[in-house]
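# Remarks on the overall topology
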Amino acid sequence: MSAMIKNPGEHPPVQFDANLIRKLSQQGPRYTSYPTADRFTDGFRSGDYLQAVSDLRHAGARKPISLYLHIPFCESLCYYCACNKIITRNHAKAEVYLTYLKREIDMQAALFSGMNQVEQLHFGGGTPTFLSDAQMGALMAHLRRAFHFAADIDGEYSIEIDPRTVDADRIRSLRNQGFNRLSLGVQDFDEEVQKAVNRIQPEALTLDAIVAAREAGFRSISVDLIYGLPRQNVMSMARTLTRLIAADPDRISVYNYAHMPQMFKSQRLIADDELPTPEAKLDMLSLCIQRLTQAGYVYIGMDHFAKPDDELAVAQRLGTLQRNFQGYSTHAEAEMVSCGVSAISSVGGTYSQNAKSLDQYYEPIERGHLPIVRGFKLTMDDMLRRAIIQRLMCAFEVSVKAIETDYPVTFASYFATELGKLRELEDDGLVSLSDDWITVTARGRLLVRNICMAFDKYLGIGQAVKLERLRYSRTI
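Below is a summary of the structure that appears in this document.

Calculation rules
- Residues numbered from 1 in each chain as written.
- Predicted model: local features only at pLDDT ≥ 70, side-chain atom pairs only at ≥ 80, totals over all residues.
- Heavy atoms only, no water.
- Helix = DSSP H or I, 4+ residues; strand = E, 2+ residues; numbered from the N terminus.
- Rg over C-alpha atoms; globule rule 2.2 N^0.38 Å.
- Buried < 20%, exposed > 50% of the residue type's maximum accessible area, 1.4 Å probe, protein only.
- Contact = heavy atoms within 4.5 Å.
- Expected span 1.5 Å × (residues − 1).
- Salt bridge = Lys/Arg side-chain N within 4 Å of Asp/Glu carboxyl O.
- Pairing = 2+ DSSP bridges.
- Axes fitted to C-alpha atoms, helices over the stretch in contact; angles between N-to-C directions.

The next thing to look at is the overall build of the chain. From N to C terminus, the chain includes 17 helices and 20 strands. The C-alpha atoms of the chain give 22 Å as radius of gyration, which agrees with the globular expectation for 476 residues (23 Å, within 12%). When the backbone C-alpha atoms are referred to their principal axes, the chain occupies close to 60 × 60 × 45 Å. Out of the 476 residues in the chain, the part that is buried amounts to 57%. A separation of at least 24 residues holds for 75% of the contacts in the chain among residues at least 6 apart in sequence.

Written out as structure tokens, the structure is:
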């Protein structure tokens, strides 16, 4: 879709309106994809993925690749975590896993031979630094033999680290192995909060890791916070923000803790009576927005803040920002190829997800097949709605003319029902509508998921929709 934007060069502001949030916050998707992953079906298998890649090749497509690798292992369990992970101190499991992971990498590389320029790489988990320095070095060398990587100055190569598992030497080694962006979880510096979620991470380890990353030449450092954790309050969050802002990371993400023990067993270990009230959570969110914007960070969207010269903020100004399964991204045109247990790819108008358990992941690879167990092939209508949701999530505005240029629709008639829903949100002050533009207001940006939901045709389909919505976190 055209990258047409109404206000190039401007940073979208954000306005906290507690009353509006109380009124409109509801359960809904995070829209790291559209359709969302709960719409994937087991009728989509590896053969469908192979056809999608073949179609790309026959069409002469030469888009860059965004490569994701999932390392599922962690040495200890963080009670709040909803990621696909395997808790173990047996590092021999990683060696077995790497054997299969490299075989999957080779299969994917063969499929993309001749069109395999990697411009983005991301290691997630789990804890990627569960791998030893030698294992990581061998894996990176294997990737570079399998794929062609853009030069360091042009590519974005990131890894999530646990400060408890690395020291300054390891961070320097990661930079030498080719990573140039680093992200780390803090959640909260408060010791009582850390005890309540079983993640004891001394503040000094985090700050030392940030310093070491700067000295090693990492070009971007990202830090994650969570509000709404047990024993957390406005005062503990204020102390954490003061210390973190002083450390000066390039990006800060502030996630709402979604307590869903019915879905995630580890969350059952959290005492419900230690969770902050909804009002306290709103106060913490308000504080985060106020302190981070005062410190000069730009609100990117959803949970993300970045310095004005960070690539995310620059991409937003240029209209090239996008969202994918890793969150916000700067490479809107890349095909996303993902390897590892539970990993999700987005290639050629399809989504495909690997098996979620190790045994189910290993078995097809043993037979020389990709471990894809479910996915989705997008229709034209899906792609159209995805384009609109992407623009809302990333630029907070949609050009009606750009949509009509890129897709064979007359916007006002095709989306008559959706525009009716948006007019209700306009009455609440979330959006501004005109014949040519849909614009999210400063008050509406924190509730952009609500606005996107107006275009989600799958919400409300089927008798089980109320149960399915239990899978979603609240929009705020």
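Here we come to helix α3 (residues 92–111). Taking 1.5 Å per residue as the helical rise, α3 with its 20 residues ought to reach 28 Å, and the 30 Å between its terminal C-alpha atoms agrees with that figure. Looking at α3, one finds that the buried residues are Ala94, Tyr97, Leu98, Tyr100, Leu101, Glu104, Ile105, Gln108 and Ala109.

Over its 17 residues, helix α9 (residues 278–294) extends 24 Å from the first C-alpha to the last, a length consistent with the 24 Å expected when each residue adds 1.5 Å. Among the residues making up α9, those that are buried are Lys281, Leu282, Met284, Leu285, Leu287, Cys288, Ile289 and Leu292. Once α9 finishes, Gly296 follows within two positions and takes phi at roughly 100 degrees, a positive value.

Okay, the pattern of salt bridges next. Considering all chains together, one arrives at 29 salt bridges under this definition. With its nearest N and O atoms 2.5 Å apart, the salt bridge here joins Asp303 to Arg30. Of this pair, Asp303 sits in the loop between β10 (298–301) and β11 (304–306) while Arg30 sits in the loop between α1 (18–24) and α2 (46–58); the two residues are 273 residues apart in sequence, bridging distant segments of the chain. Residue class for Asp303 comes out buried when judged on its relative accessible area of 9%. Judged by relative accessible area, which is 29%, Arg30 ranks as partly exposed. Of the charged contacts in the structure, one is a salt bridge between Asp381 and Lys457, with a shortest N-O distance of 3.2 Å. Of the two residues, Asp381 sits in helix α12 (residues 380–395) while Lys457 sits in the loop between α16 (448–453) and α17 (465–468), which places them 76 residues apart along the sequence. Using a relative accessible area of 11% as the deciding quantity, one classes Asp381 as buried.

What follows concerns the side chain of Ser236. Here Ser236 shows up in helix α8 (residues 234–247). The residues contacting Ser236, other than those within four sequence positions of it, are Asp188 and Asp190.

Burial along strand β15 (residues 344–347) is two-sided: Ile344 and Ser346 and Ser345 and Val347, pointing in opposite directions, are all buried. Where β15 meets strand β16 (residues 350–354), four bridges bridge the pair, whose relative direction is antiparallel. Bridging from a neighbouring strand, Ser346 pairs with Tyr351 of β16. Taken together, β15 and the strand that follows it, β16, pair antiparallel across an intervening segment of two residues, in which Gly348 is found at a positive phi of about 55 degrees.

This part is about the pairing of β10. Bridging between β10 and β11 involves three bridges; their strand directions are antiparallel. Each residue of the ladder has a partner; that of Tyr299, found in β11, is Phe305. Here β10 hands over to β11 after two residues, with Met302 in that stretch at a positive phi of 50 degrees.

Right, let's get into the sheet that holds strand β19 (residues 431–433). The strands making up a sheet are joined through hydrogen bonds of the backbone, oriented either antiparallel or parallel. Here three strands make up an open sheet; going across it, the order is β18-β20-β19 and the pairing antiparallel. The sheet is open, and its two edges are formed by β18 (397–399) and β19, each paired on a single side. Between one strand axis and the next, the sheet turns through 10 degrees on average, direction left out of account. With three bridges connecting them, β18 and strand β20 (residues 437–440) associate as antiparallel partners. Bridging from a neighbouring strand, Ser399 pairs with Trp437 of β20. Sheet strands in contact with α12 are β18 and β20, and its direction is about 135 degrees off that of β18. Where helix α15 (residues 416–427) meets the sheet, its contacts fall on β19 and β20, and the angle it forms with β19 comes to roughly 125 degrees.

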